[in-house]
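Chain by chain, the residues:
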Amino acid sequence: MIVAIGAFDGFHKGHQALLQTAAKRATEKKTQWAVVTFEGHPQQFLSQRAFELLYTQPERDLLARVLGIPQLIKLPFSRAFADQSPEEFFDFLRKRVLLDGVIVGEDFRFGRARTGTPELLTELCHRANLSCDIVPSLYIDDVLVSSSEIRALVELGKFDAVTRLQGYPFWMSGLVTWGDARGRKLGFPTANLVFRPEKKLPGRGVYAALVWVASCGRFLPGAVNIGFNPTFSGVRGLRFEAHLLDFEAGASTEDREKKQESLYEKNLCVFMIARIRDEVRFDHVEALKKQIAKDIQHVRVACSNFLARPEADFLRRFDETLSVLE
């Protein structure tokens, strides 16, 4: 088997270069290929600060399906695992997987204190009569494609740049919970979502998104607000709210209530398309309602523009994958 090895916090275009190399090498050797990664990101154990993931384990598993990765082999990561020497890690891997070859990026490090280099891995593979491909780092518009760069762009809400580096939009899978129904009273009902604590979220603001809704079996444009609802008093904690455009279109008052309730305790997949504006405090509710109406127009334009881009094909594959799983 040919394996591509890495932490793979998501599968950005740099990672995808490894996957393509693994598939090509497997075809040449008439064998299978897989991704070897870790159960628990190494930085979650080794970082001195709380480490936020671009993609949680369930999200990464789904990404692997969408991208056509035939097998995802997860090695449980721990401090004891990290304390292995490079040679011990290599031996552990060979016992776990029947190897024909290895694919890594040029920045790959392994073993205790990250002392294992691509050069050492090449030597170990040569001794074991295995192929070893070291894939160069990828630059797009002079920017190194890396998970850390993408995290910084997500924080800033620069989702055009994120999409260029990933090949698909940044997305989140969140559980819809009960809120205070303030959005419905304003005429803009929202789904209140909660996410796993390790999930990286964008900064406060208003965003355009495309939201996969299982009950509809399709993507809907969404106006997303991340923040503390400063116009209203008594709001505690960061809120993530999504107003789904056209979700209740044509429904009676009773049916609208039922459709809204059908979302509760379900997961929504929210693909972030563009940042619309900062979160601001309005002096009165009517001013807020007018601004939301303007935001919705921006959302429609941003989502329509995105769907004309080549990267929108990823949404089709995502939809097909989820439809099968549902």
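Structure's up top.
Residues numbered from 1 in each chain as written. Predicted model: local features only at pLDDT ≥ 70, side-chain atom pairs only at ≥ 80, totals over all residues. Heavy atoms only, no water.

Caption draft 1: Focus on the overall build of the protein. The number of helices and strands found in the protein is 12 helices and 13 strands. Across the 326 residues in the protein, those meeting the buried criterion constitute 50%. Of the contacts formed within the protein by residues at least 6 apart in sequence, a portion of 72% connects residues at least 24 apart. Within the structure as shown, the protein displays about 16,100 Å² of accessible surface, and the carbon and sulfur contribution to it stands at 50%. (Helix = DSSP H or I, 4+ residues; strand = E, 2+ residues; numbered from the N terminus. Buried < 20%, exposed > 50% of the residue type's maximum accessible area, 1.4 Å probe, protein only. Contact = heavy atoms within 4.5 Å. Areas by Shrake-Rupley, 256 points an atom, 1.4 Å probe, with all protein chains shown as cover.)

Caption draft 2: A look at the packing of aromatic side chains. Going through the model one piece at a time under the given rule, you end up with 22 aromatic pairs. Centre to centre, the rings of Y168 and F314 are 4.6 Å apart; their planes meet at 15°, and the pair counts as stacked. Here Y168, found in the loop between α8 (159-166) and β8 (171-177), pairs with F314, found in helix α12 (residues 313-325); they are 146 residues apart in sequence, far enough to count as distant. Residues Y168 and F314 agree in their burial class; the two are buried. Here the aromatic rings of W171 and F271 are separated by 5.6 Å at their centres, their planes lie at 15°, and the arrangement is stacked. With a gap of 100 residues between them, W171 in strand β8 and F271 in strand β13 (residues 267-277) connect regions that are remote in the sequence. According to the relative accessible area criterion, W171 is buried, its value standing at 1%. By way of ring pairs, the aromatic residues Y55, F159, Y168, F170, W171, Y207, F219, F271, F314 and F318 are connected into one cluster. (Phe/Tyr/Trp six-rings, centres within 6.5 Å; stacked < 30°, edge-to-face > 60°.)

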